[in-house]
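Next come the chains, spelled out residue by residue.
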Amino acid sequence: MTRALLTATGLLLVGLAVSACTDHKSGGTAVVTPLPPPAAFETQFGPNFALAYQANANSEPRAVSASDVIPLSLTAEPTALPK
């Protein structure tokens, strides 16, 4: 009796979990969209900064372009450096 009750309860919980994941407009198929990967730390500072950041330490220095310099906001939250 106890085993049958536990089995029925387990099936009920699995059914509730599956029904909670379904989109009722799409005919019952659950679609899970993965989160996009986080952006690399160095890409936050301009399009060409990442290239200079990842360059070999002994390579030729890059010339600074107008897109390398981003506006400075004194009211922005400070950026945490990766450890």
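The structure we're discussing is the one just above.
In this report, we go over the structure that sits alongside the text. The shown structure was predicted, so the numbers you read here are calculated from the model rather than taken from an experiment. (Residues numbered from 1 in each chain as written. Predicted model: local features only at pLDDT ≥ 70, side-chain atom pairs only at ≥ 80, totals over all residues. Heavy atoms only, no water.)

## Comments concerning the overall build of the protein
And then number 1: From N to C terminus, the protein includes two helices and zero strands.
And then number 2: Summing over all exposed atoms, the protein offers an accessible surface of approximately 7,700 Å²; the carbon and sulfur share of this is 67%. (Helix = DSSP H or I, 4+ residues; strand = E, 2+ residues; numbered from the N terminus. Areas by Shrake-Rupley, 256 points an atom, 1.4 Å probe, with all protein chains shown as cover.)

## Describing a nonpolar patch on the surface
And then number 1: On the surface, Leu-12, Leu-13 and Leu-16 cluster together into a nonpolar patch covering about 310 Å² of accessible area.
And then number 2: Turning to its location among the elements, Leu-16 is positioned in helix α1 (residues 2-21). (Patch = residues over 30% accessible without salt bridge, like charges linked within 9 Å, V, L, I, M, F, W, Y side chains within 5 Å. Salt bridge = Lys/Arg side-chain N within 4 Å of Asp/Glu carboxyl O.)

## A word on the environment of Pro-71
And then number 1: The residue Pro-71 is located in the segment after α2 (49-53) in this model.
And then number 2: On the basis of relative accessibility, which here comes to 78%, the residue Pro-71 falls in the exposed class.
And then number 3: For the pair formed by Pro-71 and Phe-45, sequence separation is 26 residues and the distance between their alpha carbons is 9.8 Å. (Buried < 20%, exposed > 50% of the residue type's maximum accessible area, 1.4 Å probe, protein only.)

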